[in-house]
Amino acid sequence: MAEIFDPSTHPHRRCACLAFFLNTHNQKCSFDFFADNPLTNEHVIVSPHRNKRPWLGQVEPPQNDKLPQYDPACYLCPGNTRAGGKKTEVYEHTYIFENDYAAVLPPPMPEAPINPHHLLTTKPIGGDCDVLIFHPRHDLTIPRLLIEDIERIIEEWIKIYVRRGSEEGIKHVQIFENKGAMMGCSNPHPHGQIWSFTNVPTLPAHEMANLIDYSHSVHPPSDAPRGPHGKPCLLCEYAHTEVNIGGTDRVVVKNGHWVAVVPWWAYWPFEILLLPYRRHIPSIFHLTPEEKTSFADILSKITKRYDNLFSCSFAYSMGIHQRPIPLSSPEETDEDDVAHLHLHFSPPLLRSATVKKFMAGIELMAESQRDITPEQAAQRLRECSEIHYMDVSEE
Ligand SMILES: [Zn+2]
Ligand SMILES: [Zn+2]
Ligand SMILES: [Zn+2]
């Protein structure tokens, strides 16, 4: 007799029912077999039984938690000189400067070259790369900052989003943070980056297309908040479902305005999607003072839980997805307002502070695959304390 399916032990592909409701995808979506990330139309294979296998793979060195408060060799510490000879001024809270080694350069761009073949095309891209230092202390990261310090970071994100997003020719502002050497971050001093582009990059453009598709299609009735002009919003619906429908155990933490979930379609073992669930919010520019404080509170809670999971400074890449650029006032709306503000946290750690998940083989050649289920990951994170392990007195 066939075994009864148990998602915590049997391999499966994740089916995002949201995708099933997308009219545009009905023709290729079958309820039983199609797993789908509705933001990207990608699938993930879940193989929870593989957690039982012994680990013979690569082990990363544990990250050094004992950093000095000030490092004379760090170009982000107050008053120090950067590699290009420019000085990082003495600052009290946050500090922002243009990246000395920017990946894109401000417009105007040169003329597009003549393509040698229709398969070989080139288009010039322009933009800006800014660095935002979160705090003068070399040894503090977001989980160890006070809420008011995190609120200052949010205010800086809003300012740079509005400033860069109003520049001539800029079509997208991408705010992100790489934390930890494992994610390729060259300096432990707490900082993030803001890259602005004269085009909308691949991933946000892909998500935006799916959000627009969803807003134009017909869905079962729902109490979820709605997007602009009363249209359905994929992420309002998803957040509402995770918060309100019984039996969803992917919520890691929730406060008055925000919810952090290990999403149904998560690829990274401890991936988190953070989003506002009470109303449709297109961008950080639209946040009320209360929503900003609530945002700082949940950022603190998520990152503390991350650090406490393996008692290490937890590495991740974090990015903010929202309206590509702001309008001049939060009261105005246009088609881009179907964007629903959200943050992705993609951490590479798998089963301890030293074992990293690699994107290789099957992920590069076939499909995303994960071992621990999103529900198991959410439970592990829920069980972590919200008091940082380094702030627990050693008695
Ligand atoms: Zn430093
Ligand atoms: Zn929404
Ligand atoms: Zn996104």
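Residues numbered from 1 in each chain as written. Chains lettered and ligands numbered in written order. Predicted model: local features only at pLDDT ≥ 70, side-chain atom pairs only at ≥ 80, totals over all residues. Heavy atoms only, no water.

As named in an unreviewed UniProt entry, the chain is Galactose-1-phosphate uridylyltransferase, taken from Lentinula lateritia. The chain has a UniProt comment under Pathway (unreviewed entry) that states "Carbohydrate metabolism; galactose metabolism." (UniProt positions renumbered as here; feature names shortened; annotations may be inferred.)

(A) Just the overall build of the chain, in detail. The helix and strand inventory of the chain stands at seven helices and 14 strands. The proportion of buried residues among the 395 residues of the chain is 52%. Residue pairs in contact within the chain that sit at least 24 positions apart in sequence constitute 70% of those at least 6 positions apart. When the accessible surface of the chain is split by element, carbon and sulfur atoms take 57% of a total near 18,900 Å². (Helix = DSSP H or I, 4+ residues; strand = E, 2+ residues; numbered from the N terminus. Buried < 20%, exposed > 50% of the residue type's maximum accessible area, 1.4 Å probe, protein only. Contact = heavy atoms within 4.5 Å. Areas by Shrake-Rupley, 256 points an atom, 1.4 Å probe, with all protein chains shown as cover.)

(B) Structural view of the sheet that holds strand 14 (residues 368-370). As summarised here, the arrangement of the three strands in space is 1-2-14, forming an open sheet in which the pairing is mixed. With one partner strand each, in any of the chains shown, strand 1 (12-13) and strand 14 form the two edges of the open sheet. Pairing geometry for strand 1 and strand 2 (residues 44-46), over two bridges, is antiparallel. The residue bridging Arg13 from the neighbouring strand is Ile45, located in strand 2. (Pairing = 2+ DSSP bridges.)

(C) Region of the structure containing the packing of aromatic side chains. Considering all chains together, one arrives at 15 aromatic pairs under this definition. Measuring from centroid to centroid gives 6.4 Å for Trp195 and Phe197, while their planes differ by 65°, and the two rings are edge-to-face. With relative accessibility at 25%, the residue Trp195 sits in the partly exposed group. Grouped by ring-pair contacts, the aromatic residues Phe270, Tyr306, Phe310, Phe314, Tyr316 and Phe345 constitute a single cluster. For the cation-ring pair, Arg82 lies above Phe97, with the distance from its terminal atom to the ring centre recorded as 3.8 Å. (Phe/Tyr/Trp six-rings, centres within 6.5 Å; stacked < 30°, edge-to-face > 60°. Lys NZ or Arg CZ within 6 Å of the ring centre and 35° of its normal.)

(D) Quick look at the environment of Asp71. Counting through the fold element by element, Asp71 comes out in the loop between strand 2 and strand 3 (95-98). The spatial distance from the C-alpha of Asp71 to the C-alpha of His189 is 9.1 Å, given a sequence separation of 118 residues. Leaving out residues up to four positions away in the same chain, Asp71 has contacts with Cys77, Asn80 and His138.

(E) Summary view of the packing of helix 3 (residues 202-216) against helix 4 (residues 234-244). Axis separation between helix 3 and helix 4 bottoms out at 8 Å; the angle between their running directions is 85°. Taken together, the axes of helix 3 and helix 4 lie roughly perpendicular to each other. The residues of helix 4 that touch helix 3, namely those facing Asn210, Leu211 and Tyr214, are Leu234, Leu235 and Glu237. Looking at side-chain class alone, the contact of helix 3 with helix 4 contains four nonpolar, one polar and one charged residues. (Axes fitted to C-alpha atoms, helices over the stretch in contact; angles between N-to-C directions. Parallel < 35°, antiparallel > 145°, perpendicular 65-115°, else oblique. Nonpolar A, V, L, I, M, F, W, Y, C, P; charged D, E, K, R; others polar.)

(F) Seen up close, the side chain of Asn255. As for its position among the elements, Asn255 is in the loop between strand 7 (251-254) and strand 8 (258-261). Engagement of the side chain of Asn255 in a polar contact is seen with the side chain of Asp297, the distance being 2.8 Å. (Polar contact = N/O pair within 3.5 Å; in protein donor to acceptor, adjacent residues only side chain to side chain.)

(G) A look at the side chain of His321. In this structure, His321 sits in strand 10 (residues 316-321). Engagement of the side chain of His321 in a polar contact is seen with the side chain of His344, the distance being 3.1 Å. Not counting residues up to four positions away in its chain, the partners in contact with His321 are Gln174, Pro204, Glu207, His340, Leu341, His342 and His344.

(H) Representation of the sheet that holds strand 11 (residues 342-346) in the model. Strand order in the open sheet formed by nine strands is 3-4-6-5-10-11-9-8-7, and the pairing between neighbours is antiparallel. Unpaired on one side and paired on the other, strand 3 and strand 7 mark the two borders of the sheet. Neighbouring strand axes in the sheet, compared pairwise and without regard to direction, differ in orientation by 20° on average. Across seven bridges, strand 4 (residues 127-133) lies against strand 6 (residues 191-197) in antiparallel orientation. Looking at the pairing, Leu132 lines up with Gly192 of strand 6. Packed onto the sheet, helix 5 (residues 289-309) meets strand 5 (172-179), strand 7, strand 8, strand 9 (272-276), strand 10 and strand 11 and runs at close to 25° relative to strand 8.

(I) Local environment of helix 4. The buried fraction of helix 4 amounts to eight of the 11 residues, a majority that puts the element mostly inside the structure. Residues Leu234, Leu235, Cys236, Glu237, Tyr238, Ala239, His240 and Glu242 constitute the buried set of helix 4.

(J) Representation of the nonpolar core. Within the largest apolar cluster, 53 residues are counted, with the highest numbers of intra-cluster contacts made by Trp157, Leu274, Phe295 and Phe345. Core analysis: the next-biggest nonpolar cluster, separate from the first, contains 20 residues, Leu211, Cys236, Leu275 and Tyr277 among them. (Core = buried A, V, L, I, M, F, W, Y, C linked by side-chain atoms within 4.5 Å.)

(K) The pattern of salt bridges, seen in detail. Evaluation of the coordinates by the stated rule reveals 18 salt bridges. Residue Arg279 is joined to Glu291 by a salt bridge in which the shortest nitrogen-to-oxygen separation is 2.7 Å. Within this pair, whereas Arg279 is found in the loop between strand 9 and helix 5, its partner Glu291 is found in helix 5, the two being separated by 12 residues in sequence. Residue Arg279 is classed as partly exposed on the basis of its relative accessible area of 32%. Glu291 sits in the buried class, given a relative accessible area of 5%. Ionic contacts of the salt-bridge type, sharing partners, join the residues Glu98, Asp128, Asp130, Arg164 and Glu167 into one network. (Salt bridge = Lys/Arg side-chain N within 4 Å of Asp/Glu carboxyl O.)

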